[in-house]
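Listed here are the chains, written in short residue letters.
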Amino acid sequence: VYVGTKDKHFYRLRSKDGFVVSSMALDGSPWWHVGITANSLLAFLFHHDKTQEGITFAPNDLVSMDLDLKRVHWLRKCPNLSDPFTSARPYLWNNEVLAGDYHGQLFAFRLTDGRLAWSQQLCTQPIRGIGVTKNTLYVGTFGGMVYAVEALTAGRSTPRPSLN
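Description of the structure in this document. This is a predicted model, so every value here is computed, not measured. (Residues numbered from 1 in each chain as written. Predicted model: local features only at pLDDT ≥ 70, side-chain atom pairs only at ≥ 80, totals over all residues. Heavy atoms only, no water.)

### Description of the sheet that holds strand β4 (residues 29-36)
- Taken in spatial order, the four strands make up an open sheet running β4-β5-β6-β7, and their pairing is antiparallel. The outermost strands of the open sheet, each flanked by one partner alone, are β4 and β7 (72-77). Neighbouring strand axes in the sheet, compared pairwise and without regard to direction, differ in orientation by 20° on average.
- For strand β5 (residues 40-46) and strand β6 (residues 61-66), the ladder comprises six bridges, and the chain directions are antiparallel. Each residue of the ladder has a partner; that of Leu45, found in β6, is Asp61. (Pairing = 2+ DSSP bridges. Helix = DSSP H or I, 4+ residues; strand = E, 2+ residues; numbered from the N terminus. Axes fitted to C-alpha atoms, helices over the stretch in contact; angles between N-to-C directions.)

### Let's talk about unusual backbone geometry
- Positive phi values are uncommon outside glycine, yet Asn94 reaches one of about 50°.
- Tracing the chain through its elements places Asn94 in the loop between β8 (91-93) and β9 (96-100).
- Judged by its relative accessible area of 29%, Asn94 is partly exposed.
- Backbone geometry places Asn95, a non-glycine residue, at a positive phi of 65°. (Buried < 20%, exposed > 50% of the residue type's maximum accessible area, 1.4 Å probe, protein only.)

### Some remarks on the sheet that holds strand β3 (residues 20-25)
- Across the sheet, which stays open at both edges, the three strands sit in the order β1-β2-β3 with antiparallel pairing between neighbours. Every interior strand has two partners, whereas the edge strands, β1 (2-5) and β3, have only one. Taking the axes of each pair of neighbouring strands and ignoring which way they run, one obtains an average angle of 20° across the sheet.
- Both β1 and strand β2 (residues 9-13) contribute to a ladder of four bridges, which runs antiparallel. Bridged to Tyr2 within β2 is Arg12.

### Looking at the pairing of strand β12 (residues 127-132)
- The pairing of β12 with strand β13 (residues 136-141) spans four bridges and is antiparallel. Note that in β13 the partner of Val132 across the bridge is Leu137.
- Hairpin connection, β12 to β13: the antiparallel pair is bridged by three residues.

### Notes on the pattern of salt bridges
- A complete count under the given rule lists five salt bridges for this structure.
- With its nearest N and O atoms 2.8 Å apart, the salt bridge here joins Arg14 to Asp17.
- The class of Asp17 is partly exposed, set by a relative accessible area of 47%.
- The shortest N-O distance in the salt bridge between Asp113 and Arg115 comes to 3.5 Å.
- The class for Arg115 is exposed, based on a relative accessible area of 54%.
- A network of salt bridges, in which partner residues are shared, links Arg110, Asp113 and Arg115. (Salt bridge = Lys/Arg side-chain N within 4 Å of Asp/Glu carboxyl O.)

### What about the nonpolar core?
- Counting residues in each nonpolar core, the largest one holds 15 residues, and the members touching the most others are Leu98, Leu106, Trp118, Leu122 and Leu137.
- When residues of this core are traced back to their parent elements, those giving at least two are β8, β10 (105-110), β12, β13 and β14 (146-152). (Core = buried A, V, L, I, M, F, W, Y, C linked by side-chain atoms within 4.5 Å.)

### Some thoughts on the side chain of Ser87
- Locating Ser87 in the fold gives a position in the loop between β7 and β8.
- Overall, Ser87 belongs to the buried group, its relative accessible area being 0%.
- Reaching out from Ser87, the side chain makes a polar contact with the backbone nitrogen of Gly100 at a distance of 2.6 Å.
- Contacts of Ser87, omitting those with residues within four sequence positions, involve Phe44, Ala99, Gly100, Ile127, Arg128 and Ile130. (Polar contact = N/O pair within 3.5 Å; in protein donor to acceptor, adjacent residues only side chain to side chain. Contact = heavy atoms within 4.5 Å.)

Written out as structure tokens, the structure reads:
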């Protein structure tokens, strides 16, 4: 069991009794839900002192940590530095970590090193929920719109969204 706290820590707890197995201090408080892959714990970090433009939520960092909470694999700022990530959690799709921002931009970061693989402007509203199947992304916004985006795979080893 993983728990993030407002005091900028992640804890790994033993499920049977809540014993703290390991912990890690971070540069921000974990925000909303985490994503778990075979080798990584993915989370947004909230900086209470860095809230911008009156937005009361501003998770501007996306972090990948090892599951034992011993080291950070990578940490990335939201590419639109003035915008926070607004997704409920990071989502894994075809070895890429997906996150949406306040102005409707969807970003995909490589799971291995966190480098930006691609981005796509989907709308002008904050992106909230992201659901995935093998070939389709489902992206929901704060305004209630849901977009179904099929993957474009021709000539690529990793699918990309196709908005055509």
